[in-house]
Amino acid sequence: MTSTVRPHPHHRTRVPMPWHEARSVAHRLPVPISAETVPLEQAGGRTLAEPVHAAVMLPGFDNAAMDGYATCGFGPWRVTGRVLAGEQPATGLLSGEAAEIATGAPVPSGADRVVEYEITTRHGDIVSAQPGPRRHVRRHGEYVTAGQQLLPAGHLLTPAALGLAASVGVDAVAVRAVPRVTMLITGDEVIDHGLPGPGQVRDAIGPMLTGLLASWHIPTTRLRVPDQPAGALTAALTSALAAADITVVCGSSSVGPADHLHAALNAAAATVYVDGVACRPGHPQLLARTGDRWIVGVPGNPFAALVASFTLLQPLLAGLAGRALPQSPSAVVCGDARPAAGHTRLIPVRLHQHLAHPIDGAHPGYLGPAASADALAVIPPTWRPGQRTELLGISS
Ligand SMILES: Nc1nc2c(c(=O)[nH]1)N[C@H]1C(S)=C(S)[C@@H](COP(=O)(O)OP(=O)(O)OC[C@H]3O[C@@H](n4cnc5c(N)ncnc54)[C@H](O)[C@@H]3O)O[C@H]1N2
Ligand code: MOO
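Note that this is a predicted model, so its numbers are computed, not measured.

Calculation criteria
- Residues numbered from 1 in each chain as written.
- Chains lettered and ligands numbered in written order.
- Predicted model: local features only at pLDDT ≥ 70, side-chain atom pairs only at ≥ 80, totals over all residues.
- Helix = DSSP H or I, 4+ residues; strand = E, 2+ residues; numbered from the N terminus.
- Rg over C-alpha atoms; globule rule 2.2 N^0.38 Å.
- Buried ≥ 20, exposed ≤ 12 C-beta atoms within 10 Å, placed from the backbone.
- Contact = placed C-beta atoms within 7 Å.
- Domains from an automatic or database assignment.
- Near = placed C-beta within 6 Å.
- Nonpolar A, V, L, I, M, F, W, Y, C, P; charged D, E, K, R; others polar.
- Pairing = 2+ DSSP bridges.
- Axes fitted to C-alpha atoms, helices over the stretch in contact; angles between N-to-C directions.
- UniProt positions renumbered as here; feature names shortened; annotations may be inferred.
- Parallel < 35°, antiparallel > 145°, perpendicular 65-115°, else oblique.
- Left-handed = near helix turned anticlockwise from the far one by under 90°.
- Core = buried A, V, L, I, M, F, W, Y, C linked by C-beta atoms within 7 Å.

Draft legend 1. Focus on the overall build of the protein. Secondary structure summary: the protein contains seven helices and 28 strands in total. What you see for the protein is a C-alpha radius of gyration of 29 Å, clearly larger than the 21 Å of a compact globule of 396 residues, by over 25%. Taking the principal axes of its C-alpha atoms as reference, the protein extends roughly 90 × 45 × 40 Å. Per-residue burial for the protein yields a buried fraction of 39% across its 396 residues. Intrachain contacts of the protein at a sequence separation of at least 6 include 68% that bridge at least 24 residues.

Structure (structure tokens):
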């Protein structure tokens, strides 16, 4: 798995790592990054470094699950008062008494059920009903007891998880730090704005990865690196490594005369863990480390760069956050997914009626199909028509 980087051999032989193995290596190698305590408002999309425990019981008090009447004993009942949410009942109820009550209001002592308005008839202060078996009272602590662990360390704080933490009285949570990510965009032909001139291309990877990482709640710094002089990437990588937990080098991953990544890694005394992955597109991708700093090399072809980001960057980020790899949903792929011997194909698909429909026209250098896809379907070499296959969600 580990190899020492040699001086840039243009025609070196790489042994590409199987796609699932590359993901697993990128996920299990990192030690989780440091933890910090942040207010709940800032914790969305972060990963818990410590479990969340309930500070209070839930519900916090016996309360009405319906708008209607809290009643005691058998009806008809005499209505003696009214309790709204946020109020405390003025008195308890005796047998044959009722209090009008709002959903969420504390039920008066003595009440044995809440009868919803819809099934009641009322004449003056007398209310009648034939209630069903449901009591419509949410009992103190029936959901959560105080001190109970609700979310484990390693849990991603989704909107529902934030709401849950707030509902049990939590104001701040211990989460993993946000890794600092720098992107180095290489290529003398690559321009940032406007219309490309002869031989030029617009940077598609910078905007794509900025958006992808933002969807994972991670801000990025983007820097341009010229191909010439040959030492420019080494200098840029050295300064990026000083400031960033992860440096993503875009382009320069292959074996061409301007592909300086391996020389730069050598200069940084980096250990390379993944050097080529048996997938299409995106095979010339790379994962390396020096100290606690990580380098991910993604190919210059933009769709290949997207695939590489899901292959190495997403698992690396999960590992740094101390989080499990996201569980991939699966679907049956319609038609011929064209499996290829010896490598995993990643194809853009649209999801319709629980089936994955491949989008035509995918090329490593073109993002059209990926831009209108719901997911990338993972097609192993052994794929057969009608077989379910893993999906990587790319549309959020
Ligand atoms: N002899 C070989 N040549 C190539 C191989 C190989 O195995 N042997 N692999 C091919 C594959 S597959 C890919 S992918 C590319 C990877 O090349 P690099 O990562 O070194 O990237 P570049 O050479 O710099 O650029 C490739 C291509 O992508 C365009 N590009 C680069 N950066 C951007 C950007 N930010 N936005 C949009 N487009 C970008 C660049 O202009 C080139 O067209 O190598 C193959 N060659
Ligand atoms: O990774 Mo390359 O783009 O397979 O085309």
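Draft legend 2. Highlighting the domain arrangement of the protein. One can read the domain layout of the protein as domain 1 (3-34 + 178-320), domain 2 (47-56 + 143-176), domain 3 (63-138) and domain 4 (330-393). When each unit is reduced to the centre of its C-alpha atoms, the spacing between domain 1 and domain 2 is 35 Å.

Draft legend 3. Quick look at the site of ligand 2. Close to ligand 2 lie Arg 280, Pro 281, Gly 282, His 283, Pro 284, Pro 299, Asn 301, Ala 304 and Pro 364. Of the residues in the shell around ligand 2, the class split is five nonpolar, three polar and one charged.

Draft legend 4. Spotlight on the sheet that holds strand E11 (residues 126-128). Spatially, six strands are ordered E9-E6-E8-E7-E11-E10 in an open sheet, and the strand pairing comes out mixed. The open sheet has two free edges, formed respectively by strand E9 (113-116) and strand E10 (121-123), since each of these has just one partner strand. Along the sheet, successive strands turn relative to each other by an average axial angle of 40 degrees, direction set aside. Of the strand pairs in this sheet, strand E7 (residues 77-83) and strand E8 (residues 97-101) are connected by five bridges, and their pairing is parallel.

Draft legend 5. Layout of the UniProt feature "domain: MoaB/Mog" (unreviewed entry) in the protein. Mapped onto the present numbering, the UniProt feature "domain: MoaB/Mog" (unreviewed entry) falls at residues 182-319. Structurally, residues 182-319 comprises 35% helix and 29% strand, and the distance from its first C-alpha atom to its last is 18 Å.

Draft legend 6. Examining the site of ligand 1 more closely. Near ligand 1, the surroundings consist of 26 residues, among which Gly 251, Ser 253, Ser 254, Pro 299 and Gly 300 are the closest. Elements represented by at least two residues in the shell around ligand 1 include exactly strand E15 (181-186) and helix H6 (302-320). Class assignment for the residues of the shell around ligand 1 results in 12 nonpolar, 11 polar and three charged.

Draft legend 7. Looking closely at the packing of helix H3 (residues 205-215) against H6. Closest axis-to-axis distance for the H3/H6 pair is 10 Å, and the angle between their directions is 25 degrees. Classified by the angle between their axes, H3 and H6 sit roughly parallel to one another. As for how H3 packs across H6, the hand of that crossing is right-handed. In contact with Ile 205, Met 208, Leu 209 and Leu 212 of H3, H6 contributes Pro 302, Ala 305, Leu 306 and Ser 309. Grouping the amino acids of the contact of H3 with H6 by side-chain chemistry returns seven nonpolar, one polar and no charged.

Draft legend 8. Region of interest: the packing of helix H1 (residues 19-28) against H6. Interaxial distance between H1 and H6 falls to 7 Å at its minimum, and their mutual angle equals 30 degrees. If you check the angle between H1 and H6, you find them roughly parallel. Two packed elements cross with a definite hand, and for H1 against H6 that hand is right-handed. Contacts from Trp 19, Ala 22, Arg 23, Ala 26, His 27 and Arg 28 in H1 reach Thr 311, Leu 312, Pro 315, Leu 316, Ala 318 and Gly 319 in H6. For the contact of H1 with H6, the residue count by class is seven nonpolar, three polar and two charged.

Draft legend 9. The arrangement of the nonpolar core in detail. By size, the foremost hydrophobic cluster in this structure holds 75 residues, and its most contacted members are Val 248, Val 296, Leu 316, Leu 376 and Ala 377. Top element by residues in this core is H6. It accounts for 13 residues. Three or more residues apiece are contributed to this core by two domains, here domain 1 (3-34 + 178-320) and domain 4 (330-393). One finds Met 66, Tyr 69, Trp 77 and Leu 93 within the second-largest nonpolar core, a separate group that totals 19 residues.

Draft legend 10. Seen up close, the pairing of strand E28 (residues 388-393). As judged from the three bridges shared by strand E24 (residues 330-333) and E28, these two strands associate in the antiparallel manner. Along E28, the bridge assignment pairs Ser 330 with Glu 390. In the sheet, strand E27 (residues 375-379) pairs with E28 via three bridges, with the strands oriented antiparallel. Note on E28: the bridge partner recorded for Leu 376 is Leu 392.

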